[in-house]
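Spelled out, the chains give:
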Amino acid sequence: MELGKYNTLEILRDTSVGLFLGDDEGNDVLLPNKYVPENFEIGDMLTVFCYLDYDERPVSTTLKPYITRNDFHLLRVAEVNNFGAFMEWGLEKHLLVPFREQRTKMVDGQWYIVYCYLDEKTDRLVASNKLDKFLSNEELTVEDNDEVNILFTRKTDLGWEVIINNLHKGLVYSNEVFKDIAIGDKQIGYIKNIRTDNKIDVSLQPLGHLSLEPVAAKILQKIKDDGGYLGLHDKSDPEDIKMQLQLSKKAFKKGVGTLYRERKIEIREDGLYLL
């Protein structure tokens, strides 16, 4: 039974305050009445989230928190008091970010990306927005062209800083972003380049020979969605292409070339037609 994570536990007994659930090691935890399913039998298995209640006792819930242990997420500050900032995370008891774990002093009502972890000294779930403490590029687990999960954390002069697979730091260059991005957005990315200092460049589009099929498929689907005609061509303004397809003009032209060679489309002066 792990705090801060989902656990699949057996229903042991029904009491006046709720169900007691247990694991294979003899641990048990209360599922309060308000979370008890309408139909159940002793011995059934339930998947619940375990954390500490207001009295620092383990408790379980069927609610789904926005963030789980060892994960990053964008959360809103519900309250700031003498202990720190308390974040809304989808559960009754808010998640504490102690003052020592705040990169800058947090403000009530503002949003911050935080990392949730188990404090070994107190055995409590807490959060931190000193993100670099929980990321490392010393030993990389990714390679060029890998498909990865990315979380956008900060906009810089060069581009967007991202967290890769909850493990590493990376960068998406501004001139390769063709859609609106906000802090906290999550999506699939692709490892574009790993430099000698282990800094990682990330692309939002598949790379090399892998890029033709997905980009071409995206353009083809857009043509189909628009009734068989798309009013874009090789002389179209890059901003028009970016607005309609979230692609650079270079990627667009490659994709169109693929579709033309495969005889999926006809290219005319006024745009692309489905064959």
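Refer to the structure above for everything that follows.
Values in this document were obtained by computation on a predicted structure and should not be read as measured data.

K.L.:
In this structure, what is going on with the side chain of Thr156? I would like to understand it.
P.N.:
Here Thr156 lies in the loop between β11 (147-155) and β12 (159-164). Reaching out from Thr156, the side chain makes a polar contact with the backbone nitrogen of Leu158 at a distance of 3.2 Å. The contacts of Thr156, once residues within four sequence positions are left out, are Glu161 and Leu171.

K.L.:
Looking at this model, I keep getting lost on the sheet that holds strand β6 (residues 71-80). Mind explaining?
P.N.:
Each strand in a sheet pairs with its neighbour through backbone hydrogen bonds, running either in the same direction (parallel) or in the opposite one (antiparallel). Pairing is antiparallel in the open sheet, where five strands are placed in the order β8-β7-β6-β9-β10. The open sheet is flanked by β8 (95-98) and β10 (124-128), the only strands paired with a single partner. Between one strand axis and the next, the sheet turns through 50 degrees on average, direction left out of account. In this sheet, β10 lies alongside strand β9 (residues 111-119) in antiparallel orientation, the contact comprising five bridges. By the bridge assignment, Asp119 is partnered in β10 with Arg124.

K.L.:
Would you take a moment to explain the packing of aromatic side chains for this structure?
P.N.:
Given two aromatic rings, their pairing is described by the distance between the two centres and the angle made by the two planes. Taken as a whole and judged by the stated rule, the model has 10 aromatic pairs. Relative to Trp89, the ring of Tyr51 has its centre 6.1 Å away and its plane inclined at 90 degrees; by these criteria the two rings are edge-to-face. One end of the pair, Tyr51, is in strand β4 (residues 45-52); the other, Trp89, is in the loop between β7 (84-88) and β8, with 38 residues separating them in the sequence. Accessibility assignment for this pair places Tyr51 and Trp89 in one class, buried. Summarising the aromatic geometry, the rings of Phe72 and Tyr115 are spaced 4.7 Å apart at their centres and angled 50 degrees between planes, so their arrangement reads as tilted. Of this pair, Phe72 sits in strand β6 while Tyr115 is found in strand β9, placing the two residues 43 residues apart along the sequence. The class of Tyr115 is buried, set by a relative accessible area of 10%.

K.L.:
Got a minute to help me understand the environment of Glu120 in this structure?
P.N.:
Tracing the backbone through its elements, the reader meets Glu120 in the loop between β9 and β10. As a C-alpha pair, Glu120 and Leu31 span 89 residues in sequence and 25 Å in three-dimensional space.

K.L.:
Just to check I follow, could you spell out the sheet that holds strand β13 (residues 168-173) for this structure?
P.N.:
On the basis of which strands lie adjacent, the closed barrel formed by five strands has the order β11-β12-β13-β15-β14 and mixed pairing. Averaged over all adjacent pairs, the angle separating strand axes in this sheet is 55 degrees, with direction ignored. Pairing between strand β14 (residues 186-194) and strand β15 (residues 200-203): four bridges, direction antiparallel. The partner of Ile194 across the bridge, within β15, is Ile200.

Basis of the calculations
Residues numbered from 1 in each chain as written. Predicted model: local features only at pLDDT ≥ 70, side-chain atom pairs only at ≥ 80, totals over all residues. Heavy atoms only, no water. Helix = DSSP H or I, 4+ residues; strand = E, 2+ residues; numbered from the N terminus. Polar contact = N/O pair within 3.5 Å; in protein donor to acceptor, adjacent residues only side chain to side chain. Contact = heavy atoms within 4.5 Å. Pairing = 2+ DSSP bridges. Axes fitted to C-alpha atoms, helices over the stretch in contact; angles between N-to-C directions. Phe/Tyr/Trp six-rings, centres within 6.5 Å; stacked < 30°, edge-to-face > 60°. Buried < 20%, exposed > 50% of the residue type's maximum accessible area, 1.4 Å probe, protein only.

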